[in-house]
Number of protein chains: 2
Amino acid sequence: MLTTEEIVERMSAQGLRITDQRKTLAKLFADTPGYLSPKAVYEYMEKTYSGLSFDTVYRNLRVMEELGVLEQVVFEEGVKFKLHCRENHHHHHLICLNCGKTYPITFCPMEKTEVPENFNVVKHKFEVFGYCEACG
Amino acid sequence: MLTTEEIVERMSAQGLRITDQRKTLAKLFADTPGYLSPKAVYEYMEKTYSGLSFDTVYRNLRVMEELGVLEQVVFEEGVKFKLHCRENHHHHHLICLNCGKTYPITFCPMEKTEVPENFNVVKHKFEVFGYCEACG
DNA sequence: CTTGATGCAAAGAGTTTGCACATAG
DNA sequence: CTATGTGCAAACTCTTTGCATCAAG
């Protein structure tokens, strides 16, 4: 996982300006072991930056996504963001329905899935949802 | 899979009125072997019913979903609907990225997934995307 | 200084809701 | 007949965009 400093460096290296807001965003994601909705991010940031606007949050989330720092996933409840996994290996996730925290699953179901010859596989999605120890 | 008549009967049995639009919707989904977006449904229906409104399409999709005739899935590109799978067995899908057609996968990755004891699994999602024979 | 970041307002997509009129049963 | 379905308009949520101002480098 990336640290706050590594995220900031990475943004800086791409020629992005390091504003207080971006530093705070970097810290938020470095400290959060799971998914955050744009709304959750906004509510967290709002505490520090009164007068914050939603569009800036979105813009920064997009910037960090394009930079490869964040990854976006679509859930039933909407879009969420988390630090991009830097695992050396392809993997999947256990996701806590309460706190959003994720745990890696090393097993990839594609190994065991029989696909008809005439079907050309491009990608797959495997996610397990439930409650982590802390959330019951 | 349900036939047009079975869908109509099912709606009728629930006290829903069988309008021409609902008959056409039933036929559309009975004949479609994959996912349809609300927009695609609207565009199909519009051909027959000029002056059709989007809200009626949405209302009928919701009604059919609540009835258990349709199932809704959230993709990156948005929400889509298909006939609810009536397979006797839990299963997953191969989904064609071009035509939306689906093929069942009998293998369920949960059988092979090791979950930490302290994680209480509630549900899972496994979907394989690619191109079917017809779509290359 | 100069370019990129921010806030504000407004615009868009997608979806839902209230109401009056039309129509299935 | 009577209650449900439909179209219309408007509201709502989530997200993006244009523009003037502000501040990082």
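What you see is a predicted model, and the numbers here were worked out from it, not measured in a lab. (Residues numbered from 1 in each chain as written. Chains lettered and ligands numbered in written order. Predicted model: local features only at pLDDT ≥ 70, side-chain atom pairs only at ≥ 80, totals over all residues. Heavy atoms only, no water.)

**Student:** Go over the relation of the copies chain B and chain A, please, and point to the residues and values.
**Tutor:** Rotating chain B by 180° and moving it 0.0 Å along the rotation axis overlays it on chain A with an RMSD of 0.1 Å. Expressed as a symmetry operation, the mapping of one chain copy onto the other fits a two-fold axis. For chain B, the smallest separation between a C-alpha atom and the rotation axis is recorded for F126 of chain B, amounting to 2.2 Å. Of the residues that chain B buries at the interface, 100% are likewise interface residues in chain A, meaning the two copies contact each other through the same surface. (Least-squares fit on C-alpha atoms with pLDDT ≥ 70 in both. Contact = heavy atoms within 4.5 Å.)

**Student:** Can you lay out the protein's contact with DNA strand C for me, pointing to particular residues and giving the numbers?
**Tutor:** If you check the shell around DNA strand C, you find 20 residues, and the closest are R17, T19 and R22 of chain A together with I18 and Y58 of chain B. Considering the 4 Å shell around the protein, atoms of DNA strand C inside it are sugar or phosphate in 64% of instances. For DNA strand C, a base nitrogen lies 3.2 Å from a polar atom in the side chain of D55 of chain A. Side-chain polar atom of R17 of chain B to a base nitrogen of DNA strand C: 3.1 Å apart, as the coordinates give it. Looking at the surface near DNA strand C, the elements that each hand over two or more residues are helix 2 (20–31) and helix 4 (54–66) of chain A together with helix 4 (54–66) of chain B. (Near = heavy atom within 4 Å. Polar contact = N/O pair within 3.5 Å; in protein donor to acceptor, adjacent residues only side chain to side chain. Helix = DSSP H or I, 4+ residues; strand = E, 2+ residues; numbered from the N terminus.)

**Student:** Report on the packing of helix 1 (residues 4–13) of chain A against helix 2 of chain A, specifying residues and quantitative values.
**Tutor:** Residues and elements named next belong to chain A. Between helix 1 and helix 2, the least distance of the axes is 8 Å, while the angle of their chain directions is 135°. It follows that helix 1 is oblique to helix 2 by the angle criterion. When you trace helix 1 past helix 2, the crossing you get is right-handed. Counted together, T4, I7, V8 and M11 of helix 1 and R22, K23, A26, K27 and A30 of helix 2 form the full contact between these two elements. When grouped by side-chain class, the residues that make up the contact of helix 1 with helix 2 number five nonpolar, one polar and three charged. (Axes fitted to C-alpha atoms, helices over the stretch in contact; angles between N-to-C directions. Parallel < 35°, antiparallel > 145°, perpendicular 65-115°, else oblique. Left-handed = near helix turned anticlockwise from the far one by under 90°. Nonpolar A, V, L, I, M, F, W, Y, C, P; charged D, E, K, R; others polar.)

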